[in-house]
Amino acid sequence: MHFWLKAGAAAMMLMACHSATYSQDGDCTRRLTVQIKDGKTAQVIEGALVSAGDRQTFSDENGYCVFDSLCRGNIHLHIQAMDAITETDINFSGTKDTFVVKTNTQTQGITLDDVEVQGHKTAVQTINAIQTLNKAQLQQVQGTSLAAQLQSIPGVSMLQTGGTIAKPVINGMYGNRVLILNNGVRQQGQQWGAEHAPEIDPYIANQLTVVKGAESVRYGSDAIGGVIIVDPPVLPDDGKIHSQLSLMGAGNGRQGAASAELSGNMKQLPAFAWRIQGTAKQGGNLKAADYYLNNTGAKEYNYSAAAAYTKMHFDANIYYSHFNTQLGILKDFGKDAGFSYDIAAPRQHVIHDLLKIQAHQHLNDNWHLTAQYAFQHDRREEYDVRRGGKTSLPSLDLGLSTQTADLTLEHLSSSGWKLTGGWSGMYQNNASVPGTMIAPLIPDYVLKTTGAYGILRYQSAKYALEAGLRYDYLYLSALGYDKNSKLYGGKKSYNSMTANIGAVWYISNDWNLRTNVGTAWRPPSVNELYSNGLHHGALSYELGDSTMQVEKSYKWISTLSYSNPAGWLQVQADAYLQYFNGYIYLNPMDSIIESIRGSFPYFQYEQTNARFSGTDITLQLHILKQLDYKATASIIRAKNVRDNSFLPMIPSDKYLQELQWNLKDSRFLKNSFMKISHQYVAMQKRYEPGSDFAPPPAAYHLLGLGMGTSMHFGRQQLKVFVNIDNLLNQSYRDYMNRYRYYADDMGRNIQLRLIYVI
Amino acid sequence: MKEMKKYSLNIAAALAIVATLFLASCNQDGPTPTPENNQEEITAITVSYVKLHTDGTPTTDTASVTFDADGTPTPGTLSLSSGNSYLTLVTFYDHDEVLNTEITEEGTEHKIFFFPSQSGIINYEYNDHDSNGNPIGLSGKTTILNPGTISLNLILRHGLNKNSSAAQGWNNTDYIQAGGEDDANVSFNIQAE
């Protein structure tokens, strides 16, 4: 019995964690030991389920549980023992790291030291494989796009359109098949476009999490390929003002980025906390190994504000963010225009506003209720080179308004059962802003969706089980004028049930296995239904199919993790198999469309049956006390099973390895390291000849160097990072870059990052 | 459930706010698009060959080919006389509107290239120039050097760098290197006898 409890405790610490503790100085290496005792009898309690933030473990035969790698600051403990739930807060900022907590049959727990209540955050409780980049890891890659920052996670690649636009790809899926949760809100921009990057400022993130299974039960359609969770930091609760300034400079493109954040909590009003943040970025023409990439400059400025009122059993928060970017699109390939910050047509200008209001209430010991309302407005203007002075008029000007409402009810019990249920609704309106003097690519539309789900989870020391069911209904009404000023469109409704079942087995202290089988669905998007015409950006003629049905998929993903007792080896391997019924893709047709502009290859949106399978492996070796090695591999195999052909735009095999030397901390410099990295991207050989403008490019190797340190001055801290990407200035092209037909990818890029925290 | 009563006011308020904000917007019906005054397309092109006297003055002998929105030429083949020169006029239409004025106004960004399927049959010289002195191609002179039947590909290029070496001449096959994009790309046959 004791063995299994220890196994459970250790195994749960191996579970990918999502820390909700606020860390002001980034010290997240502390070990917390808590002993659970009965409030009445003072007896130690064995087998209590203790949650620290979002980590969970069971207390052992002496009532102890241990949490490693916690951040300094306040920790909120949720203890379920017998029939009672105790909640308490621990001030983990001092030197004390062992605490005794007495359970109580009342809901009010006994707090030790300061009573400063933590924000209540919903944990990412999922059976699916998740991988997280924490603040320390993000600080080394800040200033780049969201997709670029996720590249170190195996299984994640990106779909690029030149150097300024990148969409994240999870296990071969992108766009409408990957859901991005921006501070708990489903990000709604024109995701259907391959050249539409997510409109999020990664500087707001304290953590980026990638969920690699179909999470359709929890989040609805669009999570058929996976979910990217962008979480801002938890607001402070220590009565002080915190500030952070991040600066980034990059040689390639002569880019500069600055982001500042100010957050605080008033001692006189400890329940209230706030944060304001802003980012400004600018870059000029990027440089490939041998020449400049003309018109690849970018400018961005974003800001956000958040406020929260937090009590022991109730909290309410509000969040507003504004994102504004201008990007140049590569043009005049074959001509080295030199460096410039100017952005001319073709270019994009996108503004995204998001407002979120959320309230969270503990109805009693066991029931928690969360209500959320969000409003988003996305304005996308795309400018092409036009005749008659119309270059300053956008060729595409779309305004997308989305409102979402979510209600979630959770039931926790000390017996290990947890029930989560929810309802969500969305109302979306897309309208082309008149005055472009050219027919819009997609029709105007109104989209209404509603869904309800239930997830039952059982957690024990040996295993966890989860089963979920969801029903969604979607109604789409589209109407637009085509280039001949004729009305087109239609009304469609879709509905679907999705289900998932999963298990985690804590085999031993060293091994654990998790597996999940789930269904997912996705309705065809407006461009897949109604595209009709020349897609200027892609130089091809695309035709939609308004009779298409929903895409349904079945995904089975398993993750095996091993960590050896001596602690110098960690391995994690994901394997997945996904079958699609009605997979929607752009199929190149044999014929050519003749028009006065020339002959264009003709692509038709079609549905077929597809099979995706693959594996992502991570290996970590602590070779010496100060030398770490990490290797990852990502392999995807996808096939159009109806005609046994290969699917387009599937990432090729990717291997990454890193060797890091950690220097000893000195009085002044801490967490100093030097690392060298090597990436190998194989040539995509699973390709149908003649299905593309050009065959896939050759395989390539990229070397990188990184170093960093952190200087402490009392309460203040300065972190410095230097990174060199593509160290050898290798000239290469990537299959997943849609501009590989015209130009090389980026050459050497030397970046300096400074992060100053007060 | 005594505790529930304490919070029921909070919950009711939260739900009421969420419901009101959400349902208030659901009263709109379908989308109401506005038609755009499409001014972008080249919907037709006419290429006229006006036979010239030996002194260069035009005759009334004209052969024309018209391309529709699909790029289909009518007639498919023009008969021209070997040994003669022709004033070559290209006119671009957007429905009823002639676009040539716009093209001339933005002449530095436009150039017409002519690509014969065989060399040695025709030669072309530009008559017009933009504000930088570079040719455009709305007006020119085609000389039929030898008899033969060729296919002639006419490309209106927009946004190119006219100073680039790849943009020089009337039939420079490297024209893509000069940048820009095709606004028109059509072909027809010339039977020179």
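Residues numbered from 1 in each chain as written. Chains lettered and ligands numbered in written order. Predicted model: local features only at pLDDT ≥ 70, side-chain atom pairs only at ≥ 80, totals over all residues.

### Some words on the overall build of chain A
Which entries qualify depends on this criterion: Put simply, DSSP H or I for four residues or longer makes a helix, DSSP E for two residues or longer makes a strand, and each gets a number counted from the N terminus. Atoms counted for the radius of gyration: C-alpha only. Globule rule: 2.2 Å times residue count to the power 0.38. Buried residues are those with 20 or more other C-beta atoms within 10 Å of their own C-beta, exposed residues have 12 or fewer, and partly exposed residues lie in between; C-beta atoms are placed from the backbone. Contact between residues is assigned whenever the C-beta positions, reconstructed from backbone atoms, fall within 7 Å.
Counting its regular elements, chain A contains five helices and 40 strands. For chain A, the C-alpha radius of gyration of 26 Å lies close to 27 Å, the compact-globule estimate for 758 residues. Overall, the C-alpha framework of chain A stretches about 90 × 55 × 50 Å when taken along its three principal axes. Classification of the 758 residues of chain A by burial places 49% in the buried group. For chain A, contacts bridging at least 24 residues in sequence account for 64% of all contacts bridging at least 6.

### Some points on the overall build of chain B
Secondary structure summary: chain B contains two helices and 11 strands in total. When its helices and strands are written in sequence order, chain B yields α-β-β-β-β-β-β-α-β-β-β-β-β. Residues counted as buried form 31% of the 193 residues belonging to chain B. The long-range share in chain B, meaning contacts at least 24 apart out of those at least 6 apart in sequence, stands at 63%.

### What to know about the nonpolar core
Let me state the cut-off plainly: Working definition: the nonpolar core is a set of buried Ala, Val, Leu, Ile, Met, Phe, Trp, Tyr and Cys residues, joined through C-beta atoms within 7 Å.
Leu150, Val169, Val210 and Ile228 of chain A are the most contacted members of the largest nonpolar core, which totals 53 residues. Ignoring anything within four residues of it in the chain, the contact list for Leu150 of chain A reads Val156, Pro168, Leu208, Val210 and Ile228 of chain A. By size, the runner-up hydrophobic cluster in this structure holds 33 residues, among which are Ile42, Ile103, Phe113 and Ala184 of chain B.

### Let's talk about the sheet that holds strand β12 (residues 185–186) of chain A
All names here are of chain A. Spelled out, the test is: Any two strands are treated as partners once DSSP identifies two or more bridges connecting them.
Sheet architecture is open: five strands sit in the order β8-β13-β14-β11-β12, paired in mixed fashion. The open sheet has two edge strands, β8 (130–133) and β12, and neither has a second partner. Relative to β12, strand β11 (residues 178–182) runs antiparallel, the two being bridged by two bridges. Paired with Leu181 across the two strands is Arg186, which belongs to β12.

### Some thoughts on unusual backbone geometry
Residue Ala345 of chain A is joined to Pro346 of chain A through a cis peptide bond whose omega torsion reads 0°. Along the chain, Pro346 of chain A falls in the loop between β21 (314–328) and β22 (347–362). With an omega of -5°, the peptide bond between Thr74 of chain B and Pro75 of chain B qualifies as cis. Residue placement: Pro75 of chain B occurs in the loop between β3 (73–74) and β4 (77–80). Of note, Asn295 of chain A is a non-glycine position whose phi angle comes to about 65°, a positive value. Along the chain, Asn295 of chain A turns up in the loop between β19 (292–293) and β20 (298–310). You can call Asn295 of chain A buried: it has 24 C-beta atoms within 10 Å. Look at His95 of chain B: it is not a glycine, yet its phi comes out positive at around 55°. Its location among the elements puts His95 of chain B in the loop between β5 (85–94) and β6 (97–98). The exposed category is assigned to His95 of chain B, around which 10 C-beta atoms lie within 10 Å.

### Re the pairing of strand β28 (residues 487–505) of chain A
All names here are of chain A. The pairing of strand β27 (residues 463–481) with β28 spans 19 bridges and is classified as antiparallel. The partner of Leu469 across the bridge, within β28, is Ala499. Remark: five residues form the turn of the hairpin made by β27 and β28, two consecutive strands paired antiparallel; Ser485 in that turn has positive phi of roughly 60°. With six bridges joining them, β28 and strand β29 (residues 511–522) adopt antiparallel strand pairing. Within β29, the position partnered with Ile501 by the bridge is Val517. What sits between the antiparallel neighbours β28 and β29 is a turn of five residues.

### Observations concerning the sheet that holds strand β7 (residues 98–103) of chain A
Residue and element names in this part refer to chain A. Our working definition: For helices, the fitted axis covers only the stretch in contact; all axes are lines through C-alpha atoms, and the angles between them, taken along N-to-C directions, range from 0 to 180 degrees.
Strand order in the open sheet made by the three strands is β4-β1-β7, with mixed pairing throughout. Whereas interior strands pair on both sides, the edge strands pair on one side only; in this sheet they are β4 (64–70) and β7. Ignoring which end each strand starts from, the neighbouring axes of this sheet average 25° apart. Across six bridges, strand β1 (residues 30–38) lies against β7 in parallel orientation. Each bridged residue has a counterpart across the sheet, and for Val34 the counterpart in β7 is Phe99.

### Looking at the domain arrangement of chain A
Put simply, the rule is: Marked domain ranges trace back to an automatic or database domain assignment.
Domains assigned within chain A are domain 1 (2–103) and domain 2 (130–325 + 346–757). One C-alpha centre belongs to domain 1 of chain A, the other to domain 2 of chain A, and the line joining them spans 32 Å.

### What to know about the environment of Ala273 of chain A
Residue and element names in this part refer to chain A. Counting through the fold element by element, Ala273 comes out in strand β17 (residues 269–283). Sequence spacing of Ala273 and Thr391 is 118 residues, and the spatial spacing of their C-alpha atoms is 46 Å. Leave out the neighbours within four places in its chain, and Ala273 touches Leu235, Pro236, Asp237, Gly264, Asn265, Ala308 and Thr310.

### Concerning the confidence of the model for chain A
The condition that has to hold: Each residue carries a pLDDT value, the predictor's own confidence for that position, ranging from 0 to 100.
Per-residue confidence for chain A averages 86 on the pLDDT scale, and 91% of its residues sit at or above 70. For residues 105–123 of chain A, every residue scores under 50 in pLDDT, and the model assigns this stretch 43 contacts once sequence neighbours within four places are set aside.

### Quick look at the environment of Trp505 of chain A
Residue and element names in this part refer to chain A. Here Trp505 shows up in strand β28. With 16 C-beta atoms counted inside 10 Å, the residue Trp505 sits in the partly exposed group. Each C-alpha atom, one on Trp505 and one on Leu560, is 9.7 Å from the other, the two residues being 55 residues apart in sequence. For Trp505, the residues in contact, after removing those within four places along its chain, are Tyr463, Asn512 and Leu513.

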